[in-house]
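Here is how the chains run, residue by residue.
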Amino acid sequence: METSGVGLHSGAPVKLRILPAPAGAGVVFRRVDLDGFEIEAVGRNVARVSYATSLMKKGVLISTTEHLLSAFMGMGVDNAIVELNNLELPILDGSAQPYVEMIRKAGIKRQRRLRSYLRLRKEVEVREGDKFIAVYPAEKYSVAYSINFPHPLIGKETFEVELSGDAYCREIAAARTFGFRHEEQAMRNMGLIRGASSESCIVLTRDGIENGPLRFPDEFVRHKVLDLIGDLALLGRRLLGRVVADRAGHALHTALVSRILRDHSLWEEATADETASPAGEGPEKHQGTAPAVP
Ligand SMILES: [Zn+2]
């Protein structure tokens, strides 16, 4: 499984390859341009977070991990090695759809080990000004996200989804990231979107959209859900809990991850045997999975 493109923020050309990994390995990024240096996709490696989520270990960076990690989580892939020959994942079409298609093409292999979940025992809330994110104990993984952008096509949007069956692939994966034309120059000057183009995001003008049509009428909030799922994947295990977010972003998503991982009294590890079945899935689906050999 291989794809290539440019990083949204760096503009750097990059080749990406997804390989199977043994049960229990989790998702590991490997910089093939740096002697195969590996960075695990877990909370302790979260580096700076602004317009995207970056991981760093011993000074080595992997940027914009959220869309691929979101696709893995949405499709139930627990273990994978992701090889990159540069510092940022490709933005592709700005959604997780190309990754979903790659993984589908390769197939998913069930592994002989029970999947391990992170089950919330107590509520955790993080607030910053008018931004808010929380997770509450629940036997399933669900997300409810609200945004409020002063734009005629957006305004107040709320989207709620339970991550079971193929809900992710149907309702979330194709939602693209978005940007405002009037902010473009300032962001380019700051070096934040060197790889941006109208192929890789929804471009909004002050009162409309430049490169329509939208894939969903509420594509914006769905993309926020996509990002959130990708950031919470850094918990390192599938979450059992109900996440509620209001005008949050990568910084708040990853702050929640750190808060949870820092305090083990907030959660417990559970395996498939002890957990409720997501709707429509047989018990074998709960075993760890990795992409099949490409
Ligand atoms: Zn995004």
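Just so we're clear, the structure is a prediction, and the values are computed from it rather than from any experiment.

S.K.: I tried to follow the sheet that holds strand β5 (residues 46–49) on my own but got confused; where do I start?
M.R.: Hydrogen bonds along the backbone pair up the strands of a sheet, which may run parallel or antiparallel. Pairing in this open sheet of three strands is antiparallel, and the strands run β5-β6-β7 from one edge to the other. Whereas interior strands pair on both sides, the edge strands pair on one side only; in this sheet they are β5 and β7 (60–63). When the angles between neighbouring strand axes are averaged without regard to direction, this sheet yields 30°. Bridge count for strand β6 (residues 53–57) against β7 is four bridges, and the pairing is antiparallel. In the strand pairing of β7, Lys 57 is matched with Val 60. Contacting β5 and β6, helix α6 (residues 250–262) crosses the sheet at an angle of about 155° to β5.

S.K.: Is there a simple way to explain the pairing of strand β13 (residues 141–149) in this structure?
M.R.: In summary, the side chains of a regular strand alternate between the two faces of the sheet. Within β13, seven of the nine residues are buried, which leaves it mostly tucked inside the rest of the structure. Looking at chain direction, β13 and strand β17 (residues 238–246) are connected through six bridges and run parallel. From the neighbouring strand, Tyr 145 faces β17, where its bridge partner is Ala 245. Once β13 ends, the chain turns through five residues before running back antiparallel as strand β14 (residues 155–162).

S.K.: Where do I start with the pattern of salt bridges in this structure?
M.R.: When the charged atoms of two side chains lie near each other, side chains of opposite charge can form a pair. One pass over the structure, following the stated rule, counts 22 salt bridges. Ionic pairing is found between Lys 57 and Glu 40, a salt bridge with its closest N-O pair at 3.1 Å. In this pair, Lys 57 sits in strand β6 while Glu 40 sits in strand β4 (residues 37–40), placing the two residues 17 residues apart along the sequence. The class for Lys 57 is partly exposed, based on a relative accessible area of 23%. Here Glu 162 makes a salt bridge to Lys 140, at a shortest N to O gap of 3.9 Å. Here Glu 162 is found in strand β14, whereas its partner Lys 140 is found in the loop between β12 (131–137) and β13, with 22 residues between them in sequence. Linked by salt bridges that have partners in common, Arg 17, Arg 30, Glu 38 and Glu 83 make up one network.

About the criteria used
Residues numbered from 1 in each chain as written. Predicted model: local features only at pLDDT ≥ 70, side-chain atom pairs only at ≥ 80, totals over all residues. Heavy atoms only, no water. Pairing = 2+ DSSP bridges. Helix = DSSP H or I, 4+ residues; strand = E, 2+ residues; numbered from the N terminus. Axes fitted to C-alpha atoms, helices over the stretch in contact; angles between N-to-C directions. Contact = heavy atoms within 4.5 Å. Buried < 20%, exposed > 50% of the residue type's maximum accessible area, 1.4 Å probe, protein only. Salt bridge = Lys/Arg side-chain N within 4 Å of Asp/Glu carboxyl O.

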